[in-house]
Amino acid sequence: MKVILIGANGKVGRLIAKKMSQSNFFKPTAFIRNEDQKAYFENLGIPVLIDSLENSEEHLSKVIEGFDAVIFSAGSGGSTGYDKTIEIDLYGAVKIIEASKKNHVKRFVMVGAAFSDVPEYWKQPGMKPYYIAKHLADKELMRSGLDYTILRPVRLTDDEKAGKVKMTSNPFTLNEEIPREAVAETVLAVLDAPRVSQRIIEMSEGELSIQEALSQLE
């Protein structure tokens with residue numbers, strides 16, 4: 001499966017890339033923003049595309065031509081302003097979704113955020129633009145006609161092991177944290193899993209293995 005990883009240089013993106021480099025099933029390409037980010041991926045033997053989500057939809061459509069699947073794990077980051085949140089997390093995602101439709105991409109996995117459909121949860125200081133961007137990007141993907149899965153993790157940690165997880169449609173039943181390692185492993189697990197097509201999965205640490213949690217989704 002030829003996969004382009006949008007947001008490859010983020011913490012979750014790097015973990016996904018590393019895991020894909022160790023698999024015979026995936027042929028990943030890292031979509032990154034800056035030249036100085038490429039050494040990590042070259043060391044993994046992963047080709048890179050240096051480009052920007054701020055480019056036009058027409059341009060991005062040419063960039064992702066020929067790929068079987070898209071993973072969107074990009075974000076503007078906490079150190080940027082609200083304008084970049086809208087530019088990258090929302091408009092960037094929408095442009096990639098439209099480009100994927102034009103290129104008949106077979107699979108699209110979005111890494112979003114838990115509680116993206118719960119406006120009363122967005123009252124945390126400074127978080128409302130982020131949640132609105134994630135909410136609208138997810139909505140655009142849901143109505144795109146693409147074969148998608150949206151993963152919505154809670155607060156991410158840097159634990160080195162994925163551990164046990166919980167997956168649900170009800171974010172209010174989740175625990176507070178989840179390792180990035182678990183999110184990365186779940187991305188790989190759902191890329192070629194028809195039973196989780198057209199699904200939103202809210203996730204946190206829990207009591208089941210990733211495969212057990214996926215198999216028990218209603």
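Calculation rules
- Residues numbered from 1 in each chain as written.
- Predicted model: local features only at pLDDT ≥ 70, side-chain atom pairs only at ≥ 80, totals over all residues.
- Heavy atoms only, no water.
- Pairing = 2+ DSSP bridges.
- Helix = DSSP H or I, 4+ residues; strand = E, 2+ residues; numbered from the N terminus.
- Axes fitted to C-alpha atoms, helices over the stretch in contact; angles between N-to-C directions.
- Contact = heavy atoms within 4.5 Å.
- Buried < 20%, exposed > 50% of the residue type's maximum accessible area, 1.4 Å probe, protein only.
- 1 Å grid on protein atoms, 1.4 Å probe; cavity = no way out; pocket = protein on both sides within 12 Å on 5 of 7 lines; lining within 4 Å.
- Points joined across faces, edges and corners; volume = space filled by probe spheres on them.
- Nonpolar A, V, L, I, M, F, W, Y, C, P; charged D, E, K, R; others polar.
- Salt bridge = Lys/Arg side-chain N within 4 Å of Asp/Glu carboxyl O.

Colleague: Which residues make up the sheet that holds strand β4 (residues 69-72), and what are the values?
Modeller: Strand pairing in a sheet relies on backbone hydrogen bonds, with the paired strands running either antiparallel or parallel. Ordered in space as β3-β2-β1-β4-β5-β6-β10-β8, the 8 strands form an open sheet in which the pairing is mixed. Of all the strands in the sheet, just β3 (48-50) and β8 (165-168) have a single pairing partner and so form its edges. Averaged over all pairs of adjacent strands, the angle between their axes in this sheet comes to 20°, without regard to strand direction. As defined by bridge partners, strand β1 (residues 2-6) adjoins strand β2 (residues 27-32) across 5 bridges and the pair is classed as parallel. The partner of K2 across the bridge, within β2, is K27. Seen against the sheet, helix α1 (residues 11-21) touches β1, β2 and β4 and runs at an angle of roughly 160° to β1.

Colleague: I'd like to hear about the pairing of strand β10 (residues 199-205), residue by residue, with values.
Modeller: Of all 7 residues making up β10, 5 are buried, and the element is well covered by its neighbours. In terms of strand pairing, strand β6 (residues 148-153) meets β10 through 5 bridges, oriented parallel. By the bridge assignment, P153 is partnered in β10 with M203. Across 4 bridges, β8 lies against β10 in antiparallel orientation. Bridge pairing in β10 links M167 to M203.

Colleague: For the layout of surface pockets, give the residues involved together with the corresponding values.
Modeller: Its boundaries defined by the atoms lining it, the largest pocket holds a volume of some 1200 Å³. If you trace the largest pocket, you find 49 residues lining it, with G75, G77, Y130, K134 and L156 closest to the centre. Mapped by element, the contributors of at least two residues to the lining of the largest pocket are α1, β2, α4 (82-102), α5 (128-142) and β7 (155-157). Of the residues that constitute the lining of the largest pocket, the class distribution is 24 nonpolar, 16 polar and 9 charged.

Colleague: Before we move on, can you summarise the pattern of salt bridges with the specific residues and values?
Modeller: As enumerated under the stated definition, the model contains 17 salt bridges in all. Residue K19 pairs with E181 through a salt bridge whose shortest N-O separation is 2.4 Å. Within this pair, whereas K19 is found in helix α1, its partner E181 is found in helix α6 (residues 180-191), the two being separated by 162 residues in sequence. Of the two residues, K19 and E181, both sit in the buried class. A salt bridge links E185 to K19; the shortest N-O distance between them is 3.3 Å. Taken as a pair, E185 in helix α6 and K19 in helix α1 lie far apart in primary sequence, 166 residues in all. One connected set of salt bridges, linked through shared partners, spans D117, D138, R152 and E202.

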